[in-house]
Number of protein chains: 2
Amino acid sequence: MGIEIERKFLVDVSLLPELVAGTYISQGYVETASSTVVRIRVKGNIGYLTLKGESTGIACAEYEYEIPKADAKEIIATLCAGKTVEKTRYEYPVANHTWEVDIFHGENQGLIVAEIELGAENEEFLKPDWVMEEVTGQTRYFNSQLLNHPYATW
Amino acid sequence: MGIEIERKFLVDVSLLPELVAGTYISQGYVETASSTVVRIRVKGNIGYLTLKGESTGIACAEYEYEIPKADAKEIIATLCAGKTVEKTRYEYPVANHTWEVDIFHGENQGLIVAEIELGAENEEFLKPDWVMEEVTGQTRYFNSQLLNHPYATW
């Protein structure tokens, strides 16, 4: 399927523009014996099953497939012991890119990150004033890490 | 997706009928930290991504999705470090069931098993004379186990 090139940043909440029409995301993980990530996501009315390789810098092999939402919920409840990371995702276009702003819930309440997907590692992009420190590659911000080490425990 | 109810048997090769039109299967695994199995399979021209829960007796939660063959090959090569279990599968109808006879290759050469999928745990079925000892639930016959502990090492 290919390589995902994504950069992740913290957000200055006081400068954040109004965000509308967010999509609720609930995701669980099959814990692996390596850095490979097996993620099961419910995003709105669609389920996804995703395999991700170890991230090398800002690039990461990613294979994502749509699956029935009912399957995704059942897999999370059974094979992932019901443990999830929950967030609302807002899309916010800036120039020729779309920022994804994730506002986390539950034990990760208070954490807000903004991600931008790029076509190449060195692709330039406009950074709005509410986008702060880059945290790309910092493992504690990996959603898979937020499952067992949520923001509330930092 | 549901529950797979399957029973697995050894085979008397000397009595095995002629098998035709087998399909070559190559499959790798993302190693997990639990008994959950994450399998990537190339079967003929189709790829599959499958999650399986721990088997309880002869039943097992199974979620299987078709994915592009090219993706499956790439995932096996990268996320599974190229390690595979290889076999040829033959389908052989007996009465109102279809036996799947798996003839293994490579380091599992010499191992032949026959599987039958049932609609219920207590469903009756006809056992042909070439079907021998049952090995359902014996972990060393799990394909995921044959990857790291192949038949040649038994």
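These figures come from a predicted structure and were not determined experimentally.

A.B. asks: Please provide a residue-by-residue account of the overall build of chain A, values included.
C.D. replies: Tallying secondary structure elements over chain A gives two helices and nine strands in all. The order of helices and strands in chain A, counted from the N terminus, is β-β-β-β-β-α-β-β-β-β-α. In terms of principal-axis extent, the alpha carbons of chain A reach across some 40 × 30 × 30 Å. Across the 154 residues of chain A, 49% fall into the buried class.

A.B. asks: Can you lay out the pattern of salt bridges for me, pointing to particular residues and giving the numbers?
C.D. replies: Residue and element names in this part refer to chain B. Summed over all chains, the structure comprises 18 salt bridges over all chains. With a closest N to O distance of 3.4 Å, Glu-62 and Lys-52 form a salt bridge. On the criterion of sequence distance, the pair formed by Glu-62 in strand E5 (residues 59-67) and Lys-52 in strand E4 (residues 46-52) is long-range, its members being 10 residues apart. We note that Glu-62, like Lys-52, is buried.

A.B. asks: Could you give me a rundown of the packing of aromatic side chains, with the residues and numbers involved?
C.D. replies: The final tally for this structure, using the stated rule, is 14 aromatic pairs over all chains. Arranged with centres 5.6 Å apart and planes meeting at 65°, the rings of Phe-9 of chain B and Trp-99 of chain B form a pair that is edge-to-face. In this pair, Phe-9 of chain B is assigned in strand E1 (residues 3-11) and Trp-99 of chain B in strand E7 (residues 97-104), connecting sequence segments 90 residues apart. Trp-99 of chain B carries the same exposure label as Phe-9 of chain B, and that label is buried. Cluster of aromatic residues (ring-pair linked, three or more members): Phe-9, Tyr-92, Trp-99, Phe-125 and Trp-130 of chain A. Over the aromatic face of Trp-154 of chain A sits the side chain of Arg-140 of chain A, whose NZ or CZ is 4.0 Å from the ring centroid.

Rules of the game
Residues numbered from 1 in each chain as written. Chains lettered and ligands numbered in written order. Predicted model: local features only at pLDDT ≥ 70, side-chain atom pairs only at ≥ 80, totals over all residues. Heavy atoms only, no water. Helix = DSSP H or I, 4+ residues; strand = E, 2+ residues; numbered from the N terminus. Buried < 20%, exposed > 50% of the residue type's maximum accessible area, 1.4 Å probe, protein only. Salt bridge = Lys/Arg side-chain N within 4 Å of Asp/Glu carboxyl O. Phe/Tyr/Trp six-rings, centres within 6.5 Å; stacked < 30°, edge-to-face > 60°. Lys NZ or Arg CZ within 6 Å of the ring centre and 35° of its normal.

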